[in-house]
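# Architecture at a glance
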Amino acid sequence: MNYSGILVVATRDRFEPLQEALNALDGVEVFHSDENSSRLVVAQEAASIDDEVAGLKRIKALPGVVLAEMITHYFGDSGSEPADDAGPEGIDVQSGFDSRVIAYLNNA
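Residues numbered from 1 in each chain as written. Predicted model: local features only at pLDDT ≥ 70, side-chain atom pairs only at ≥ 80, totals over all residues. Heavy atoms only, no water.

### Observations concerning helix 1 (residues 15-24)
Selection rule: Burial status follows relative accessibility: with a 1.4 Å probe on protein chains alone, a residue under 20% of its type maximum counts as buried, one over 50% as exposed, and anything between as partly exposed. By definition, any uninterrupted DSSP run of H or I lasting at least four residues is a helix, any uninterrupted run of E lasting at least two residues is a strand, and each is numbered from the N terminus. The arc in question is formed by the directions pointing from the helix axis toward the C-beta atoms. Contact criterion: two residues are considered in contact whenever any of their non-hydrogen atoms come within 4.5 Å of each other.
Looking at helix 1, one finds that the buried residues are Phe-15, Leu-18 and Leu-22. For helix 1, the angular spread of buried residues about the axis comes to 65 degrees, placing them on one side. For helix 1, the exposed residues set more than 90 degrees away from the buried face come down to Glu-20 and Ala-24. In this structure, the buried residues of helix 1 make contact with strand 1 (2-10), strand 2 (28-34), strand 3 (39-46), helix 2 (49-60) and strand 4 (65-75).

### Quick look at the sheet that holds strand 1
As a reminder, the rule being used: At least two bridges found by DSSP between two strands is the condition for calling them paired. To define axes, lines are fitted to C-alpha atoms, for helices over the stretch in contact only, and angles between the resulting N-to-C directions are given on a 0 to 180 degree scale.
Read from one edge of the open sheet, four strands run 2-3-1-4, paired in antiparallel fashion. Two strands in the sheet have a free side with no partner beyond their single neighbour: strand 2 and strand 4. Adjacent strand axes in the sheet meet at a mean angle of 20 degrees when their direction is disregarded. Both strand 1 and strand 3 contribute to a ladder of eight bridges, which runs antiparallel. Paired with Leu-7 across the bridge in strand 3 is Val-41. Relative to strand 2, helix 1 is tilted by about 155 degrees, and along the sheet it contacts strand 1, strand 2, strand 3 and strand 4. Where helix 2 meets the sheet, it contacts strand 1, strand 2, strand 3 and strand 4, and its direction lies at approximately 160 degrees from that of strand 4.

### Digging into the nonpolar core
Stated formally: Put simply, a nonpolar core is a bunch of buried Ala, Val, Leu, Ile, Met, Phe, Trp, Tyr and Cys residues held in one set by side-chain atoms that sit within 4.5 Å of each other.
With 16 residues, the main nonpolar core has Val-8, Leu-18, Leu-22, Leu-40, Val-42 and Ile-59 as its most contacted residues. When contributions to this core are tallied by element, the ones reaching two or more residues are strand 1, helix 1, strand 2, strand 3, helix 2 and strand 4. Dropping the residues within four chain positions of it, Ile-59 is found in contact with Ile-6, Val-8, Leu-22, Leu-25, Val-28, Val-42, Gln-44, Val-65 and Ala-68.

### Observations concerning the confidence of the model for the protein
Cut-off, in case you're wondering: pLDDT gives the predictor's per-residue confidence on a scale running from 0 to 100.
Overall, the predicted model of the protein reaches an average pLDDT of 81, with 70% of residues at or above 70. In the model of the protein, helix 3 (residues 100-107) stands out as the element of lowest mean pLDDT, 53, in contrast to helix 1, which has the highest, 97. Across residues 80-88, confidence stays below pLDDT 50; counting only partners more than four residues off in sequence or on other chains, it has ten contacts.

The structure is reproduced here in structure tokens:
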């Protein structure tokens, strides 16, 4: 299983509908949102790299998306779980989420 962290920038008038549309997508969840900057951090789960890229393209095509870019990813091996040991600072090894994204969102 592959996991992606995607930064999405929305138009101000489509922020809430876009957030709802993202949460409605299979394998996608809005992890963090900041309406003041019109930015959302999305977690995506996909079975393969091709599915991961297709999911990003699907997000980019949604109404109200100004920008959507993959900012972090974890390539999982089938049948294995992420290591339980400590990873780089700011990265949750179990989820693959990079908390430095939140700092970026809040300072941008």
